[in-house]
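Geometric and topological summary
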Amino acid sequence: MIYTDMRTHHNLDNTVFNGKVDQNIKMTIGDTSSKRIRWARIQKGWLIKTLAAKVEIAAAHLSQLEGKTTGTAEMKTLRKLATELEQPIWFIGCFENMPEDTFFEKLEKARCYHGHTKVEMAEELGIHERIIFNWKKKEPSQIIKEKVLLYCKILD
């Protein structure tokens, strides 16, 4: 068997693949953030280094993100990835699988759907970040709860 270096078929300096895609290869979207990032990147025809440059992260870091079996990237990175890949952040982050059985879980899921960090969510709600963590044990007052439920409308 003769080993063929794939670099002979693709110019690694180009931003898109130049070779023909084997029509027998079927790539599934996947059920993890890493698989979805890779799937969306390949749909665009971009190399890892192309997408990495667009979102201003190291290609090695993006490669690690695509290779992860659990977890997701930081929210700010996911936002950039979702924008460049033209996909909703909930899809790239695989957030639809998050539970929303409790008030706090629903709030966390809404935060992720918005693509906010915890600090950004607190700013959006006009409260201090530490207050949110108290809601794990006890729901907020009715006045704040109404504002929070509006924030959670993104899940509807």
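Please refer to the structure higher up on the page.
Quick summary incoming for the structure in this document. Keep in mind that what you see is a predicted model, and the values were worked out from it rather than measured. (Residues numbered from 1 in each chain as written. Predicted model: local features only at pLDDT ≥ 70, side-chain atom pairs only at ≥ 80, totals over all residues. Heavy atoms only, no water.)

1. So, the overall build of the protein
For clarity, the threshold we go by: Secondary structure counts use DSSP, requiring at least four H or I residues in a row for a helix and at least two E residues in a row for a strand, with both numbered from the N terminus. Here the term buried applies to any residue with accessible area under 20% of the maximum for its type, exposed to any over 50%, and partly exposed to those in between, with areas from a 1.4 Å probe on protein chains only. In what follows, a contact means two residues having at least one pair of non-hydrogen atoms within 4.5 Å. Using the Shrake-Rupley algorithm and a 1.4 Å probe, accessible areas are obtained, with residue cover drawn only from the displayed protein chains.
Each helix and strand in the protein was counted, giving nine helices and zero strands. If you list the helices and strands of the protein from N to C, you get α-α-α-α-α-α-α-α-α. Residues classed as buried in the protein amount to 37% of the 156 residues present. In the protein, of all internal contacts separated by at least 6 residues, the share reaching a separation of at least 24 is 55%. For the protein, the accessible surface area stands at approximately 10,300 Å², while carbon and sulfur atoms represent 53% of it.

2. Re the packing of aromatic side chains
Aromatic ring pairs: the centre-centre distance and the angle between the two ring planes describe each pair. For the record, the criterion: In summary, the pairing rule links any two rings of Phe, Tyr or Trp, Trp by its six-membered ring, whose centres are within 6.5 Å, and it sorts them by plane angle into stacked for under 30 degrees, edge-to-face for over 60 and tilted for everything else. Working rule: Lys NZ or Arg CZ, within 6 Å of ring centre, within 35 degrees of ring normal, means a charge sits over the ring.
Within the structure shown, the criterion is met by four aromatic pairs. Summarising the aromatic geometry, the rings of W90 and F91 are spaced 6.2 Å apart at their centres and angled 90° between planes, so their arrangement reads as edge-to-face. With a relative accessible area of 12%, F91 lands in the buried category. Pairing F103 with W135 gives two aromatic rings, centres 6.1 Å apart and planes at 70°, and the pair type is edge-to-face. With F103 in helix 6 (residues 103–114) and W135 in the loop between helix 8 (129–134) and helix 9 (142–151), the pair connects residues that are 32 residues apart, well separated along the chain. An aromatic cluster is defined as three or more aromatic residues linked by ring pairs; in this entry it consists of W39, W90, F91 and Y113. Note that K54 overlies the ring of W46, its terminal NZ or CZ placed 4.8 Å from the centroid.

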